[in-house]
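Architecture at a glance
Here is what each chain is made of, one letter per residue.
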Amino acid sequence: MRIGRACTAALLGLMLLAAGAIAQSPGVQGGESGSMLDTLFAKLQTATDPVAVQELEQAIWQQWTLPPDPGQRQLMLRGISEMQQQELSSAAATFTRLIELAPQLSEAWNKRATVHWLMGNFKASIADICETVKREPRHFGAYSGLGMIRAEMNEPARAVAAFELARKYNPHIVGLDAEIARLKPEWNRRGVKVVGLAVDPVVGANDGSGDGWTLNFPVIADADGRHVFAATIEQH
């Protein structure tokens, strides 16, 4: 199953828009400032003017992408440049170095997840997406990417779950509503109900092995609990 072209183009456009804005804004003191991000996300929820929405999205990406440390920022911008030039192996190595230096940076993980996705390595991309949303549970770009991967893997229910989270934190992503509507019939057919989302694999929890864990976080699953989705995270 291929994800809708409009949705894919819009999501990639968000990333490229952010990269272009970053390159043109060397004076922005980024970093993952909680209070600034809280304000931006609150405004994004209620914004209606398209220009304002674009500016808010751009500001959020700048907060994620521009760490205050000059060395870390240099690596981030180098990796973005390598991505734009389709030097994907080099970009993956650059973002890996950044992760080693600053594992707390959610966007370092997200950028490497994007590189893995572009290289067709879905398993590695999903792993990095999980690390991204552990650090930034509102990362609509990571959830969108996960939805795209799950759709391409013909897992519509998981794709819808990820897209719903992307829409929760950014209701303005172009094409996302249409993509959710396209995938929802399969979601409904399987009788999946959203309870919550978890990052860590829940091996043994519902597989009848007798050594299931006592879970301290919510999951989403089919009605009988057999298909546990351990793809993304949402803390309650």
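Residues numbered from 1 in each chain as written. Predicted model: local features only at pLDDT ≥ 70, side-chain atom pairs only at ≥ 80, totals over all residues. Heavy atoms only, no water.

1. Side note on the overall build of the chain
Selection rule: Where helices and strands are cited, they refer to DSSP runs of H or I of at least four residues and of E of at least two residues respectively, numbered from the N terminus. Using a 1.4 Å probe, the Shrake-Rupley method yields the accessible areas, and only the shown protein chains count as cover for residues.
Scanning the chain for helices and strands turns up 10 helices and zero strands. Reading the helices (α) and strands (β) of the chain from amino to carboxyl end gives α-α-α-α-α-α-α-α-α-α. When the accessible surface of the chain is totalled, it reaches about 11,100 Å², and 53% of it is carbon and sulfur.

2. Structural notes on helix H4 (residues 70–84)
Selection criterion: Multiplying one less than the number of residues by 1.5 Å gives the expected span of a helix. Burial classes follow relative accessibility: with a 1.4 Å probe on protein chains only, a residue under 20% of its type's maximum area counts as buried, one over 50% as exposed, and anything between as partly exposed. A 3.5 Å cut-off defines polar contacts: any pair of N or O atoms within that distance qualifies, except that in protein one atom must be a possible hydrogen donor and the other a possible acceptor, and neighbouring residues in sequence count only when both atoms are side-chain atoms.
Helix length check: H4, at 15 residues, gives a terminal C-alpha distance of 21 Å against a target of 21 Å (1.5 Å per residue), a fit within 8%. Residues of H4 that are buried include every one of Gln72, Arg73, Leu75, Met76, Gly79, Ile80, Glu82 and Met83, and no others. At the N-terminal end of H4, a side-chain oxygen is found 3.1 Å from the backbone nitrogen of Gly71, two or three residues along, and the residue is Asp69.

3. A short note on the confidence of the model for the chain
For the record, the criterion: What pLDDT reports is the predictor's confidence in each residue, on a scale of 0 through 100. Any two residues whose heavy atoms approach within 4.5 Å at even a single point are treated as in contact.
Of all residues in the chain, 65% attain a pLDDT of 70 or more, and the chain-wide mean is 76. Here helix H1 (residues 5–23) is the element of the chain with the lowest mean pLDDT, 48, and helix H5 (residues 88–101) is the one with the highest, 98. For the stretch residues 1–11, pLDDT sits under 50, and the model shows 25 contacts to residues farther than four places along the chain or on other chains. Across residues 197–236 the pLDDT falls below 50, and counting only partners more than four positions away or on other chains, this stretch makes 85 contacts in the model.

4. So, the nonpolar core
Going by this rule: We call a set of buried Ala, Val, Leu, Ile, Met, Phe, Trp, Tyr and Cys residues a nonpolar core when their side-chain atoms join them within 4.5 Å.
Counting 35 residues, the largest nonpolar core has Phe41, Ile60, Trp64, Phe140 and Phe163 as its most contacted members. Contributions of two or more residues to this core are made by helix H2 (34–46), helix H3 (50–65), helix H6 (106–118), helix H7 (122–135), helix H8 (140–152), helix H9 (156–169) and helix H10 (176–189). In this structure, Leu75, Ile80, Leu98 and Ala102 belong to the second largest nonpolar core, which totals 15 residues.

5. Considerations on H3
Spanning 16 residues, H3 covers 22 Å between terminal C-alpha atoms, matching the ideal 22 Å at 1.5 Å per step. Listed in full, the buried residues belonging to H3 are Val53, Leu56, Glu57, Ala59, Ile60, Trp61, Gln62, Gln63, Trp64 and Thr65.

6. Looking at the packing of H4 against H5
Convention followed: Here the axes come from fitting lines to C-alpha atoms, over the contacting stretch only for helices, and the angles between their N-to-C directions go from 0 to 180 degrees. Orientation categories follow fixed angle ranges, with anything under 35 degrees roughly parallel, anything over 145 roughly antiparallel, 65 to 115 roughly perpendicular, and all other angles oblique. Two helices crossing with the near one rotated counterclockwise from the far one by less than a right angle form a left-handed crossing, whereas a clockwise rotation gives a right-handed crossing. In this classification, Asp, Glu, Lys and Arg are treated as charged, Ala, Val, Leu, Ile, Met, Phe, Trp, Tyr, Cys and Pro as nonpolar, and every other residue, Gly included, as polar.
Their axes nearest at 8 Å, the elements H4 and H5 cross at an angle of 160 degrees. In terms of their interaxial angle, H4 and H5 are classed as roughly antiparallel. H4 and H5 meet at a crossing whose hand is left-handed. Counting all contacts with H4, which are made through Gln72, Leu75, Met76, Arg78, Gly79, Ile80, Glu82 and Met83, the residues of H5 involved are Leu88, Ser90, Ala91, Thr94, Phe95, Arg97, Leu98 and Leu101. Of the residues belonging to the contact of H4 with H5, the class tally is nine nonpolar, four polar and three charged.

7. A word on unusual backbone geometry
Despite not being glycine, Gln86 has its phi angle at roughly 65 degrees, a positive value. Of note, Gln86 is situated in the loop between H4 and H5. Here the phi dihedral of Asn154 falls at roughly 60 degrees; this positive angle occurs in a residue that is not glycine. Relative to the elements of secondary structure, Asn154 occurs in the loop between H8 and H9.

8. What to know about the pattern of salt bridges
Basically, it comes down to this: A pair is scored as a salt bridge if a Lys or Arg side-chain nitrogen falls within 4 Å of a carboxyl oxygen belonging to Asp or Glu.
Taken as a whole and assessed by the stated rule, the structure comprises 13 salt bridges. Taking the shortest distance from any N to any O, the salt bridge between Arg158 and Glu155 comes out at 3.6 Å. The salt bridge partner of Glu164 is Lys184, with a shortest N-O separation of 3.3 Å. Of the two residues, Glu164 is situated in helix H9 and Lys184 in helix H10; the sequence distance between them amounts to 20 residues. Residue class for Glu164 comes out partly exposed when judged on its relative accessible area of 24%. Bridged by salt links that share partners, the residues Glu164, Arg167, Asp177 and Lys184 form one connected network.

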